[in-house]
Every structure is written in C-alpha cells, then in structure tokens.
Amino acid sequence: MKIINPANEQLLAELKEDNLRTLSVKLATLRKGQPAWSQTPLKKRITVIRKFAALLKSRADDCALLLTREVGKPIRQSYNEINGACYRISWLADNAEKYLSDEVMYEDKTLREVIRYEPLGVVCNISAWNYPYLVGVNVFIPALLAGNAVMYKPSEYATLTGNLIGELLHNAGVPHEVFQVAIGGGKTGAALLDMEMDGYFFTGSYATGRYIYEKLAPRMVPCGLELGGKDPLYVTDDVHIEKVAAAAADGAFYNNGQSCCSVERIYVHKKVYNAFVDAFVKEVRGFKIGDPEKDDVYIGPLTRKAQLDVLDAQVKDALQKGAKLLTGGNRINRKGYYYEPTVLVNVNHHMKVMREESFGPIIGIMCVNNDEQAISLMNDTEYGLTASVYSNSKTRAEKILAQINSGTGYWNCCDRVSPALPWSGRKHSGFGATLSHIGLRAFTRPKGLHLRKP
Ligand code: NAD
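Keep in mind it's a predicted model, so treat the numbers as computed, not measured.

Calculation rules
Residues numbered from 1 in each chain as written. Predicted model: local features only at pLDDT ≥ 70, side-chain atom pairs only at ≥ 80, totals over all residues. Heavy atoms only, no water. Domains from an automatic or database assignment. Contact = heavy atoms within 4.5 Å. Buried area = accessible area lost by both parts, 1.4 Å probe. Salt bridge = Lys/Arg side-chain N within 4 Å of Asp/Glu carboxyl O. Near = heavy atom within 4 Å. Polar contact = N/O pair within 3.5 Å; in protein donor to acceptor, adjacent residues only side chain to side chain. Areas by Shrake-Rupley, 256 points an atom, 1.4 Å probe, with all protein chains shown as cover. Helix = DSSP H or I, 4+ residues; strand = E, 2+ residues; numbered from the N terminus. Nonpolar A, V, L, I, M, F, W, Y, C, P; charged D, E, K, R; others polar. Buried < 20%, exposed > 50% of the residue type's maximum accessible area, 1.4 Å probe, protein only. Pairing = 2+ DSSP bridges. Axes fitted to C-alpha atoms, helices over the stretch in contact; angles between N-to-C directions.

Draft legend 1. Here's a closer look at the domain arrangement of the protein. We note that the domain assignment places domain 1 (2-227 + 429-452) and domain 2 (231-418) within the protein. The distance between the C-alpha centroids of domain 1 and domain 2 comes to 30 Å. Each partner contributes to the interface: domain 1 provides 26 residues, whereas domain 2 provides 27 residues. Counting the surface lost from both domain 1 and domain 2, the interface buries some 2,400 Å², and carbon and sulfur atoms represent 52% of this. For domain 1, the biggest contributors to the area lost against domain 2 are Gln77, Trp129 and Ser429; these three give 23% of the whole. Scanning the region where domain 1 abuts domain 2 turns up 2 salt bridges. Ionic pairing is found between aspartate 295 and arginine 76, a salt bridge with its closest N-O pair at 2.9 Å.

Structure, rendered in structure tokens:
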C-alpha cells in the first residue's frame, strides 16, 4: 500500500497490507488478551489511558507533522486536532468511573439490584482519515476504558498516523494483546466484517456504513455508525453580519471542508442576504492557500485525489442549473490535490451541491423569506448530523432547532464537538452515539443483577 503526500504527490511510505491470515492472528491475540484487560481494575486502565494522552502531548510535534504530511491538513489544524484529542481523552478518563462502575438501583436488607456495565469483548473500529485522532479517540478510548480489546483499522489515507497511535498506546501500557492495528483499505475492512468480533464501530461514508450494517444485520452484533452529513447553517435577520460571516466561513472551510460536521449549506434571511454574501466572499478570498506545513496556511490540499472530480461535478451541475459562481470553482494549477475555495449563489435543492455531501472547499448560499422556509429547507436532506442557527434571540433559535431533525443543534456556533455531549447522527448520518456518558457506555452491555442474601 503506497502512502502519498497529497500536497506534493510524493511517496511517503510503502506498507504491507494485512491479509486473512495475519488478521486472524491479530484477532486470536486480542481474544487471548481481552479477559485479563477487563479484569484489570478500572483505575489502572484509566491511568494507562491518561499516560497515552501525556505521550500524545509530549510527541505533539512528530504527530502533527506526520498528520499534515499524510492527510494534507494545515499544520496549525493538526496541532488543534491533537490538543482536542487530549482534551477528549481527559474528559473520558475523568468520567469513566462515574459511568462505568456498578450502579445500585435498589437496596433493602436482603435485596440489591445492580446494573453492571460489562465490556462487549473484542470490538472492531473501522475509521476515517479526516480527523484520525479525534474520530479514533471517540471509539477506542471508551472501548479500552470499558475493558474491551480493539482491532483498529485506520483509513488507508491515515495509516501512518494509525500505526503511531498504536505505538503510543502500547508505550502507555495498553498490552499488545488488547490493541492491534489492521493495515489496509476497503478490502481489509470487508475482511474484518467476516470475522467473529463482538461489536463493530464505524466512522465513514453513508455508502460504506450501509454496506457494513446490512452485512452485520444477520449476526445481530452491536454496531455504531458515524456517517456523513449535509449540515445546514441559517443566518436570521437580527445578527452582526461580519462576525457571523467569518464564523460561517470557518465552519464551511476549516480542514478544507473535510469534516463530518462542516457547514455544507447556508440559508440567509432576505433582509441580510446581500450584506452577508459580500462579507462571506471577502472572508473566503482572504484565506491563505498553500503548503500545509507552513504555519500561516489555512487551506491545503484535499486528502484524496478522487474528491477533485466530485467537486468539479458539483460545480458543473450547479452552473448548468443556473447557479452563479462568486469565487473559486476550479482546481489549482500546482502539484498536489488543491481546489479553490468556492462560493455559489442562486442555488436550489435540485443541485447536487445542496443535496450531496461535498466534503471539500465548496459552499452554496441560498436566500430565504422567513424562518419557516429555512426550517423546511434545512430538513430537506437525507442526512441529520448537525444544524446551526445564528440569531441574537435564544428563544427564536431554540424554536427553530427544536424543529430540525439532527443529532446536534448549534446556536451561534457551528462545526464543533464537545466530549460532554453525545455525538450522534440521524437518518443517513448514522446511529448510536459516541462521547458523553452515552458514548462511554456504548462499548458495554448492561447486565441486571438481582442479588438476594440467603
Ligand atoms: P469511507 O467510507 O470511504 O471509508 C471509511 C473506512 O471504511 C476506511 O477505513 C475504509 O478503508 C473502510 N472501508 C471501505 N470500504 C469498506 C468495506 N466494504 N467494508 C469495510 N470497511 C470498508 O469514508 P472516508 O472517506 O474514510 O471518510 C469520509 C466520510 O466519513 C465522510 O462521509 C464523513 O462525513 C464521514 N465522517 C463522519 C464522522 C462522524 O462522526 N459522523 C466523522 C468523520 C468522518
């Protein structure tokens, strides 16, 4: 498997992919190691996980540079990701005892009723490349805290980072028999689905998520799916335009638009539409594009070459159907997978750019007459990950958010994740939840214990 730097198309490394035999050996190793890990006191597991975060922090320079070279993420954003991952880990470690320990639900002189959160066993984590640390941490940290062993398959676009994660976990004290990295792309992922594991947790596209869910259904093993989105942002008529335009542009273009919760569609109240569009385009034209290893660069290359075709097709489709291009719309003529930050107006819901996940630096902005029309358009999607409303009125924003079918609602913010809140998609954005106390327990199965004294 060749690992290519998307910023200059140079070969970074060549790795040997796993095959059925090597995967079986890895699984057998995990099966052997899991019981002892689950019997290791929770406090000890928490200490090991905290050590992992400390190692990540102390190795932040190497980790950030490798991430930037492998996925093309601007170096500042790579550091942000690593800091964010450490923060998440500390929240999960701080709260593990509270949510994973036995809960006594009833007690009298002779009877105790207890919920015990038993680990699932050996779980499989098939992961994405866009935030390998963050989306990985969402799964393997709570899984390990809960006493599971983990077969972790990083994306084929983030495998060097995946291997480094494995190395740091092992150095922190997670036994090799408890965490194994599976190397390879879709074929390796598909092979893992045929193996007997006790839970499958996937982060990636709807198409792959659906394949996995269908494949696993007859086996009835627990399955969590964190999938794509087409996340809307609505600007009402009572906001500070420049501030909101800057926040919305960052929400749409951070990480080159390659976030599951990137803003993918913008609706603006007609009273502020022109002013918003002007301020937004000004903001986008100010983005520094270039070598992601440079400290001041905000837009680097896309991670995957194939996505350039998707973006070209969305722009072409929109223009053919009457959209107007305000900036961008083309590949950038240099080595690497660069695309201009692109803003389209006069868009509608017959266009791919307003319906299909773009996962790149491209956004459509649409004028709306009132809140009701905005709500109806925001809900007109197969996805349901996040939705955002900018307004000076909390009452107005909450009233709108209550009517949106998404797992996350934002008032005066967007494109953010908190470890204290569940991260959960609806419709084609998936199901199950990571993070929060719900995500801590997602890798356990509750046992109800009825304990009567003789
Ligand atoms: P992808 O579906 O192409 O690949 C994801 C993983 O699945 C990779 O590890 C890949 O090797 C593996 N895979 C591919 N085919 C498989 C198969 N047949 N069986 C088993 N595994 C297989 O997605 P991607 O390009 O890595 O990630 C981008 C997508 O992920 C976007 O849609 C994005 O919105 C979504 N995403 C969602 C979240 C979230 O939290 N909801 C977070 C990050 C990314």
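Further notes follow.
Draft legend 2. The site of the ligand, seen in detail. Close contacts around the ligand come from 30 residues, with Ser127, Glu156, Ser205, Thr208 and Glu357 the closest. In this structure, glycine 204 approaches the ligand through a main-chain N or O atom, which is 3.2 Å from an oxygen atom. Calculation on the ligand without its partners gives an accessible area of 850 Å², and the protein chains cover 90% of this total. When contributions to the shell around the ligand are tallied by element, the ones reaching two or more residues are helix H7 (186-193), strand E8 (199-203) and helix H8 (206-216). Counting residues per element, the shell around the ligand draws most heavily on H7, which supplies 4 residues. Grouping the amino acids of the shell around the ligand by side-chain chemistry returns 14 nonpolar, 11 polar and 5 charged.

Draft legend 3. Quick look at the environment of asparagine 138. Tracing the chain through its elements places asparagine 138 in helix H5 (residues 132-145). By relative accessible area, which is 2% here, asparagine 138 ends up buried. Counting along the chain gives 297 residues from asparagine 138 to leucine 435, while the straight-line C-alpha distance between them is 6.1 Å. Excluding its chain neighbours within four sequence positions, the residues that come into contact with asparagine 138 are Arg88, Glu226, Trp423, Thr434, Leu435 and Phe443. Only 2.7 Å separates the side chain of asparagine 138 from the side chain of arginine 88, close enough to count as a polar contact.

Draft legend 4. Quick peek at the sheet that holds strand E15 (residues 386-390). The strand order across the open sheet built from 7 strands is E12-E13-E14-E11-E10-E15-E16, with neighbouring strands paired in mixed fashion. What marks the edges here is a single partner per strand, and that holds for strand E12 (324-327) and strand E16 (408-411). Recorded for the sheet is a direction-independent mean angle of 20° between the axes of neighbouring strands. As defined by bridge partners, strand E13 (residues 342-345) adjoins strand E14 (residues 362-368) across 3 bridges and the pair is classed as parallel. In the strand pairing of E14, leucine 344 is matched with glycine 364. Packed onto the sheet, helix H12 (residues 371-379) meets strand E10 (231-235), strand E11 (263-269), E14 and E15 and runs at close to 165° relative to E11.

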